[in-house]
Amino acid sequence: MQRRWDIFCRVVDNFGDIGVCWRLARQLTHEHHQSVRLWIDDLASFACITPTVDPNIQYQVIHGVEIGRWQEVFIAVEPAEVVIEAFACELPEVYVAALLQKIKQPVWINLEYLSAEPWVTQYHALPSPHPRLSLTKTFFFPGFVQGTGGLLRERDLIGQREAFGMAVEHAFLQRQDLPERNSDEIRISLFCYDTAPVEKLIQILSESTVPVLLVVPKGKVAESIMAFFACESALMTHGQLTVQVIPFMEQTDYDRLLWSCDVNFVRGEDSFVRAQWGMNPFVWNIYPQTESAHWKKLDAFLELYTVDMSMEMAAAVREMWHCWNGRSEVNSAIWMNFLSFRKPLAYHNKNWVKQLLKQNDLTSSLVQFAENRL
Ligand code: TRH
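None of these values were measured; they are calculated from a predicted model. (Residues numbered from 1 in each chain as written. Predicted model: local features only at pLDDT ≥ 70, side-chain atom pairs only at ≥ 80, totals over all residues. Heavy atoms only, no water.)

A. View of the layout of surface pockets. Taken as a whole, the largest pocket encloses approximately 770 Å³ of empty space. Along the wall of the largest pocket there are 42 residues; nearest its centre are Gly 16, Tyr 193, Gly 268, Glu 269 and Asp 270. Going through the elements one at a time, helix H1 (16-30), helix H9 (251-260), helix H10 (270-278) and helix H11 (293-305) are the ones with two or more residues in the lining of the largest pocket. Counting residues per element, the lining of the largest pocket draws most heavily on H1, at five residues. Broken down by class, the residue content of the lining of the largest pocket amounts to 23 nonpolar, nine polar and ten charged. (1 Å grid on protein atoms, 1.4 Å probe; cavity = no way out; pocket = protein on both sides within 12 Å on 5 of 7 lines; lining within 4 Å. Points joined across faces, edges and corners; volume = space filled by probe spheres on them. Helix = DSSP H or I, 4+ residues; strand = E, 2+ residues; numbered from the N terminus. Nonpolar A, V, L, I, M, F, W, Y, C, P; charged D, E, K, R; others polar.)

Here's what the structure looks like:
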C-alpha cells in the first residue's frame, strides 16, 4: 500500500547521514512505491553525492523524492503516516505538535547507526514512549544478523554487481576518465578519515613490487596527499605508485569504483556496507568516537566477519584493520600479509554476502514494520 513518509536528516558531518537517508528515500520510492519527503538541513553536502540537487532552493523533486530544506524555523506541514528520524536528529517542535493533532498516530521511527555489537538485537524495534507527550517512537537498528533491521540493499544490486564484467567495467572507466586496467597492476580506492596513516600507506605502496594505482576521491585526504607530494596535479607518481585524484562521484558510480578496484579502503557506515556488497577485499576506517567507543564496534564486526576465515587470514585482516585505525603502526609486512590473502578474501566475501542475503534488506524491514502498525 502506498504510504506517505517523512524522513528527517541532519548532517552531523561528512556524507554518511545523507548517504544513508538518500539511499533509503530512493529505495522506498522506486521499489516500494511509497510517497517520500526528505527533509535535509545541508543541501550542499547532499549535492556532493547527488549533483542534480540544487543547494539553493527550498523544494525540489529528484528521482521521484520530494526534497525539502530543513530550516531552523521549520514551517508546519501535515505529517506523513510514517516518520523517520534519522540518527536521533530530533524532529522539529512544530512537527511533533502536528503529530499530536493526528487522530491516527503516525509510525515514528528513530533509525539508528549501524553496529555489529551483540546488544543491537535486544534493542532493535523497541518502543520508547515520549516522556511528556502521548507519542511513541521505535528504535530501529540496522545490522548484520537476524533480529536486526538488516542493511540497505537495492533489489537489483547483487545482479548488477554480478553483471559487472570486463565490458561494463571498460565503459565505466572511460566515463570516469580512469585508465584502463594493467594486468599486473593493483588498483586500490581510498576513502578514509584524515586521521588514518595515509602517508605511511603511500610510502609502503610506492615500494611495492608491482605497480599500484591509488584512486582517491576529492576531499581532505586527497588534499593532504597532494600537499605531501607538493603537487597540484590530479596525477602523481612515486616509485611503483600512481595516485589519481578524482572528483567525488555520484553514489551509484562510487559503487562501480568499488567493484573495479582490487582493494577498497572505506570508512564510516555507508561506504563500509557498499564495500561488502562489492565483495572485493576492503579495509574499514571506522568513524572515531569519544572515549574510543568505536573500538568495540570495530571488533564486534571483525568477530562476525572473520568467523569462517582461517586463523591466518583472520589475523591478517584484524592486524591490517587495527593498524589502519591507529592501534599500532602499519608497515610493509602487515600490508603484504593482508594483500597475500586477496583471492581467498574475495572468495570469503562472496560467502559473507550470501549470508547477509538471508536477511531482509533495511528498507523492506521498515516498510513491513510500518505496515504492521498502520
Ligand atoms: O562520510 P562518512 O564518513 O559518514 C560518516 C558515517 O556515516 C558515520 O557513521 C557518521 O557518524 C558520520 O558520517 C556523521 O562515510 P560513509 O558513511 O561511508 O558515507 C559516505 C557517503 O558518500 C556514502 O553514501 C558513499 C558516498 N560517496 C559518494 O557518493 N561518492 C564518492 O566519491 C565517495 C567517496 C563516497
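B. View of the sheet that holds strand S11 (residues 235-238). Ordered by their spatial adjacency, six strands build an open sheet running S11-S12-S10-S9-S13-S14, and the pairing between neighbours is mixed. In this open sheet, the two strands that pair with only one neighbour each are S11 and strand S14 (282-285). Mean inter-strand twist for the sheet, computed between neighbouring axes without regard to direction, equals 15°. Across four bridges, the pairing between strand S9 (residues 186-190) and strand S10 (residues 212-217) is parallel. Across the sheet, the residue bridging to Ser 189 is Val 215, located in S10. Against the sheet, helix H8 (residues 220-228) engages S9, S10, S11 and strand S12 (241-246), with an angle of about 130° to S10. (Pairing = 2+ DSSP bridges. Axes fitted to C-alpha atoms, helices over the stretch in contact; angles between N-to-C directions. Contact = heavy atoms within 4.5 Å.)

C. Spotlight on the packing of aromatic side chains. If you walk through the whole model with that rule in mind, you get 37 aromatic pairs. Their ring planes at 75° and their centres at 5.4 Å tell us that Phe 228 and Phe 229 sit as a pair that is edge-to-face. Residue classification places Phe 229 among the buried residues on the basis of a relative accessible area of 18%. Put simply, the rings of Phe 144, Phe 272, Phe 282, Trp 284, Phe 301, Tyr 305, Trp 321 and Trp 352 touch in pairs and so form one group of aromatic residues. The side chain of Arg 10 reaches across the aromatic face of Trp 70, ending 4.2 Å from its centre. Positioned above the aromatic ring of Trp 295 is the side chain of Arg 327, whose terminal nitrogen or guanidinium carbon lies 3.9 Å from the ring centre. (Phe/Tyr/Trp six-rings, centres within 6.5 Å; stacked < 30°, edge-to-face > 60°. Buried < 20%, exposed > 50% of the residue type's maximum accessible area, 1.4 Å probe, protein only. Lys NZ or Arg CZ within 6 Å of the ring centre and 35° of its normal.)

D. Molecular detail of the environment of Asp 253. Summarising the element assignment, Asp 253 is placed in helix H9. Asp 253 sits 220 residues away from His 33 along the chain, and the two C-alpha atoms are 24 Å apart. With sequence-adjacent residues up to four places away left out, Asp 253 is seen in contact with Phe 172, Arg 175 and Gln 176.

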